[in-house]
Amino acid sequence: MVWYDELVNHVIGRLEALSWTNWFGDRYRPPIGRAKTIQTLREKLNRMPSMHLPSIQDIAGVRLQMSMSLLEQDAVATLLCKHFEQDPAIAIEDLRDGSHAGYRAVHVLLHLKDLRGRVEIQVRTQLQGEWANLYEELGDVLGREIRYEQLPDADERRAVMDRMQGLSLGQITELEAAMNLISGQKYVVDTNHPDYAGPVQKTWEGVEGGIDAVHTLIAELEADLIRQLQSMRSHIQSITQEAE
């Protein structure tokens, strides 16, 4: 697994070299990453017996998560393809359609020919990331099978899973859609910028005045959803304690 860790560190180093703060300012959060554990790989191969180890895309995984709109998320994915010389039509995997047990993100699947390796970059908004991290914790309690739509037996545990998925596919999805609609922002990656992450072109369409107030309201709604997720974390921890 050492080689996969080196792949992760290579990609993180190249990501950190980009001028993200020119784009996101204080919203920027550094990328993180790690290779899958042997146990996680074994579970995946058991679940998908026709898959062979060299074809698994996400053994080496990197995560880029920060407060951003869906349009910015799209632009980041495009930027990553440009930076790593990948074909967007092949590399970008949009998982925001609600068909993945509530998980929503944009993945960029890198095939690094010079290193003969594959790395998956998960591009997540702050809300998508908070939800995904909490759902992972829920999987530790209820079983990782919930990521693949397998329901737990107990009604109370099934209710927690349903509430989690409802938050993702309901309130979080609706808020992120509203952020795009209300702001009317159009993001264009400046591919001529030496770091491919220069200032982003912004245009306002049909929004007059009060835009700061609108963004403040959206930020408050986002913070409220994060508090709901934190409340869910407490509930999950109580279930864990009961199981012990």
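This text gives an overview of the structure that appears in the document. Note that the coordinates shown come from a computational prediction; the quantities given were computed from them, not determined experimentally.

### Some thoughts on the overall build of the chain
And step 1. The helix and strand tally for the chain stands at 8 helices and 5 strands.
And step 2. Helices and strands appear in the chain in the N-to-C order α-α-β-α-β-α-α-β-β-β-α-α-α.
And step 3. Per-residue burial for the chain yields a buried fraction of 44% across its 244 residues.
And step 4. Intrachain contacts of the chain at a sequence separation of at least 6 include 68% that bridge at least 24 residues.
And step 5. Summed over all atoms, the accessible surface of the chain reaches about 13000 Å², with 50% contributed by carbon and sulfur.

### Comments concerning empty space enclosed by the protein
And step 1. For the coordinates displayed, the defined rule picks out 1 cavity of 30 Å³ or more.
And step 2. Looking at the largest cavity, the residues that line it are Gly-102, Tyr-103, Arg-104, Leu-127, Gln-128, Trp-131, Ala-132, Ser-168 and Ile-172.
And step 3. Contributions of two or more residues to the lining of the largest cavity are made by helix H6 (126-142) and helix H7 (155-183).
And step 4. Of the residues forming the lining of the largest cavity, the biggest block, 4 residues, is contributed by H6.
And step 5. Here the residues of the lining of the largest cavity sort into 5 nonpolar, 3 polar and 1 charged.

### Describing the side chain of Arg-96
And step 1. Tracing the chain through its elements places Arg-96 in the loop between strand S3 (92-94) and strand S4 (106-112).
And step 2. Arg-96 sits in the buried class, given a relative accessible area of 17%.
And step 3. Within the local environment of Arg-96, its side chain forms a polar contact with the side chain of Gln-73, the two groups lying 3.0 Å apart.
And step 4. Within the structure, Arg-96 has its side chain in polar contact with the side chain of Asp-94 (distance 2.8 Å).
And step 5. Filtering out sequence-adjacent residues up to four positions away, Arg-96 remains in contact with Leu-70, Gln-73, Asp-74, Arg-104, Ala-105, Val-106 and Gln-128.

### Looking at the pattern of salt bridges
And step 1. By the definition in use, this model includes 6 salt bridges.
And step 2. The partner of Asp-74 in a salt bridge is Arg-96, and the shortest N-O contact between them spans 2.5 Å. Of this pair, Asp-74 sits in helix H4 (residues 70-83) while Arg-96 sits in the loop between S3 and S4, and the two are 22 residues apart along the sequence.
And step 3. Asp-74 sits in the partly exposed class, given a relative accessible area of 31%.
And step 4. The partner of Asp-94 in a salt bridge is Arg-96, and the shortest N-O contact between them spans 2.8 Å.
And step 5. Because the salt bridges share partners, they merge into one network encompassing Asp-74, Asp-94 and Arg-96.

### What about the sheet that holds S3?
And step 1. The strand order across the open sheet built from 5 strands is S1-S2-S5-S4-S3, with neighbouring strands paired in mixed fashion. A strand with exactly one partner marks an edge of an open sheet, and here the two such strands are strand S1 (32-35) and S3. Shown here is a sheet whose adjacent strand axes are inclined to one another by a mean of 20 degrees, direction ignored.
And step 2. Across 3 bridges, the pairing between S3 and S4 is antiparallel. Pairing of Ile-92 across the sheet is with Val-108, part of S4.
And step 3. Most of the contacts of helix H1 (residues 2-16) go to strand S2 (residues 60-66), to which it runs at about 30 degrees, and overall it touches S1, S2, S4 and strand S5 (117-125).
And step 4. In the packing of H4 onto the sheet, the strands contacted are S2, S3, S4 and S5, and the crossing angle to S5 comes to about 160 degrees.

Cut-offs used in this document
- Residues numbered from 1 in each chain as written.
- Predicted model: local features only at pLDDT ≥ 70, side-chain atom pairs only at ≥ 80, totals over all residues.
- Heavy atoms only, no water.
- Helix = DSSP H or I, 4+ residues; strand = E, 2+ residues; numbered from the N terminus.
- Buried < 20%, exposed > 50% of the residue type's maximum accessible area, 1.4 Å probe, protein only.
- Contact = heavy atoms within 4.5 Å.
- Areas by Shrake-Rupley, 256 points an atom, 1.4 Å probe, with all protein chains shown as cover.
- 1 Å grid on protein atoms, 1.4 Å probe; cavity = no way out; pocket = protein on both sides within 12 Å on 5 of 7 lines; lining within 4 Å.
- Points joined across faces, edges and corners; volume = space filled by probe spheres on them.
- Nonpolar A, V, L, I, M, F, W, Y, C, P; charged D, E, K, R; others polar.
- Polar contact = N/O pair within 3.5 Å; in protein donor to acceptor, adjacent residues only side chain to side chain.
- Salt bridge = Lys/Arg side-chain N within 4 Å of Asp/Glu carboxyl O.
- Pairing = 2+ DSSP bridges.
- Axes fitted to C-alpha atoms, helices over the stretch in contact; angles between N-to-C directions.

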